[in-house]
Amino acid sequence: MSERIPIALQLYSVRGDCAQDLSLTLQAVAQMGYEGVEFAGYHDRTAEELRGMCDDLELKVVGTHTGLNTLLGDALAKTVEFNKTLGNPYLIVPGLGGEYTNSQEAWRNTAKLFNEIAEKIADQDMFVGYHNHTGEFKPLEGEVPWDTFASNTHDSVVLQIDTGHVLRAGADNVTFIERYAGRSKLVHIKEYSATNDKALIGEGDIPWDDLFHAFETVGGTEWYIVEQESYAYPPLECAEKCLENLRKMGKI
């Protein structure tokens, strides 16, 4: 039996609550039973303030979504310093503009850029990664962009699979988890349903048992990160129900 993979919340899921009262929202997230958080914006707080809030609640900062512009040129050193203070080694780019993604050549150049960033921060025990949407799994010039990016980047570049987006694109999550073994260190566990666009984890079409098996055997997965972007209930309630459903699945 492999060691249980802990569960974090991507704070984009409750971004409105965070903007209104970050401290109270983090408190609610911790009380639900989440063990960590992934940031998507810092709500005008310093790294020290954020780290203090999370430490007080025994929440681990497991990652951050940060624009590519924060990893280029002089900005990289500042971003690394900020995240070192947070205690977070994973700098995940949540999306890219067309100039980085509109052709196979663009994707190869993007892969090269991520390799360069990875090399610059490796000696500081920091890692760069990329989070997919649907386009990365739709063929472009005869090849799936996720394959282009993954096969042209170093193994240290994190491939943050978003399970909902992969299935929405008509692709099979397990195939890609297995193909790039060990590179799914942080994963977004998100539901997808063809009939219910507000489905929570466990209420849709994703074969969770198969995915969890892949993550826990070959994925190299360190954290499951819940992300819920559509809401049948208030966002915090959705986050709690996702965690309850994971508990029923035996993941907690």
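Heads up: the structure comes first, above all this text.
Just so you know, these numbers come straight off a predicted model, no measurement behind them.

With respect to the overall build of the chain
Helix and strand counts for the chain come out as 11 helices and 8 strands. For a compact globule of 252 residues, the expected C-alpha radius of gyration is about 18 Å, and the chain comes in at 17 Å, within 12% of that figure. If you line up the chain on its principal axes, its C-alpha atoms span 45 × 45 × 35 Å. Residues classed as buried in the chain amount to 49% of the 252 residues present. Pairs at least 24 residues apart make up 77% of the contacts formed inside the chain by residues separated by at least 6 positions. With an accessible surface of roughly 11,200 Å², the chain has 46% of that area assigned to carbon and sulfur atoms. Placing the 21 positive and 40 negative side-chain charges of the chain at their respective mean positions leaves the two points 1 Å apart.

Some remarks on the nonpolar core
Proteins that are soluble and globular tend to have nonpolar side chains buried together. Tyr34, Phe114, Trp146, Ile189 and Val226 are the most contacted members of the largest nonpolar core, which has 70 residues in total. No other element matches helix α6 (residues 104–121), which puts 7 residues into this core. Discounting chain neighbours no more than four positions away, the residues touching Tyr34 are Ile7, Ala8, Leu9, Val29, Leu59, Val226, Ala239, Cys242 and Leu243. One finds Ala8, Ile92, Val158 and Trp223 within the second-largest nonpolar core, a separate group that totals 8 residues.

Some remarks on empty space enclosed by the protein
All told, the structure shown has 1 cavity of 30 Å³ or more when counted by the stated rule. Estimates place the volume of the largest cavity at around 40 Å³. Lining the largest cavity are Leu11, Tyr12, Arg15, Cys18, Phe39, Ala40, Gly41 and His43. Per-class residue counts for the lining of the largest cavity are 5 nonpolar, 2 polar and 1 charged.

Quick notes on the sheet that holds strand β8 (residues 223–226)
The parallel open sheet is built from 8 strands, whose spatial order is β6-β5-β4-β3-β2-β1-β8-β7. The open sheet has two edge strands, β6 (158–160) and β7 (186–189), and neither has a second partner. Averaged over all neighbouring strand pairs, the angle between strand axes comes to 30°, with direction disregarded. Bridge count between β7 and β8: 4 bridges; the pairing is parallel. In the sheet register, Val187 faces β8, and the bridge partner there is Tyr224. Against the sheet, helix α10 (residues 208–219) engages β7 and β8, with an angle of about 175° to β7.

Considerations on the packing of helix α2 (residues 22–32) against helix α3 (residues 47–56)
α3 packs onto α2 with a crossing angle of 30° between their chain directions and a minimal axis gap of 10 Å. Where α2 crosses over α3, the handedness of that crossing is right-handed. The segment α2 lies against α3, with Leu22, Ser23 and Leu26 engaging Leu50, Met53 and Cys54. Looking at side-chain class alone, the contact of α2 with α3 contains 5 nonpolar, 1 polar and no charged residues.

Points about a negative patch on the surface
A contiguous patch of negative charge on the surface is contributed by Asp172, Glu178, Asp209 and Asp210. As for its placement among the helices and strands, Asp210 is situated in helix α10.

Calculation rules
- Here the residue numbering is sequential within each chain, running from 1 through the sequence in written order.
- Only residues with pLDDT of at least 70 are given local features in this predicted model, and only at 80 or more are side-chain atom pairs given and counted; all residues enter the totals for whole chains, interfaces and linings.
- Side-chain metrics rest on all non-hydrogen atoms present in the structure, leaving aside hydrogens and water.
- For the purposes of this entry, the term helix denotes a DSSP run of H or I that reaches at least four residues, the term strand denotes a run of E that reaches at least two, and both are numbered from the N terminus.
- Here the radius of gyration uses the C-alpha set of atoms, whereas the globule reference equals 2.2 Å times the residue count to the power 0.38.
- Here's how the labels work: a residue is buried when its accessible area is under 20% of the maximum for its type, exposed when over 50%, partly exposed in between, all with a 1.4 Å probe on protein chains only.
- Contact definition: two residues touch when any of their heavy atoms are within 4.5 Å.
- Each accessible area is a Shrake-Rupley result for a 1.4 Å probe, and residues are judged covered by the shown protein chains and nothing else.
- Neither His nor the chain ends contribute to the count of charged residues, in which Lys and Arg are positive and Asp and Glu negative.
- In plain terms, the charge of a residue is placed at NZ if it is Lys, CZ if Arg, CG if Asp and CD if Glu.
- The nonpolar core is taken to be a set of buried Ala, Val, Leu, Ile, Met, Phe, Trp, Tyr and Cys residues, with the residues joined through side-chain atoms within 4.5 Å.
- Cavities and pockets were defined on a 1 Å grid built over protein atoms only: a cavity is a set of grid points that admits a 1.4 Å probe from which the probe cannot escape, a pocket is an open set flanked by protein on both sides within 12 Å along at least five of seven lines, and lining residues are those with an atom within 4 Å of any such point.
- Grid points are joined across faces, edges and corners, and a volume is the space filled by probe spheres set on the points.
- Charged means Asp, Glu, Lys or Arg here, nonpolar means Ala, Val, Leu, Ile, Met, Phe, Trp, Tyr, Cys or Pro, and polar covers whatever is left, Gly included.
- Here, a strand pair is defined by DSSP locating no fewer than two bridges between the strands.
- Fitting a line to C-alpha atoms yields each axis, with helices limited to the stretch in contact; the angle taken between N-to-C directions then spans 0 to 180 degrees.
- Two helices cross in a left-handed way if the nearer one is turned anticlockwise from the farther one by less than a right angle. They cross in a right-handed way if the turn is clockwise.
- What makes a patch is a set of residues exposed beyond 30% relative accessible area and free of salt bridges, joined within 9 Å when like-charged and within 5 Å when nonpolar (Val, Leu, Ile, Met, Phe, Trp, Tyr).
- What makes a salt bridge here is a side-chain nitrogen of Lys or Arg within 4 Å of a carboxyl oxygen of Asp or Glu, nothing more.

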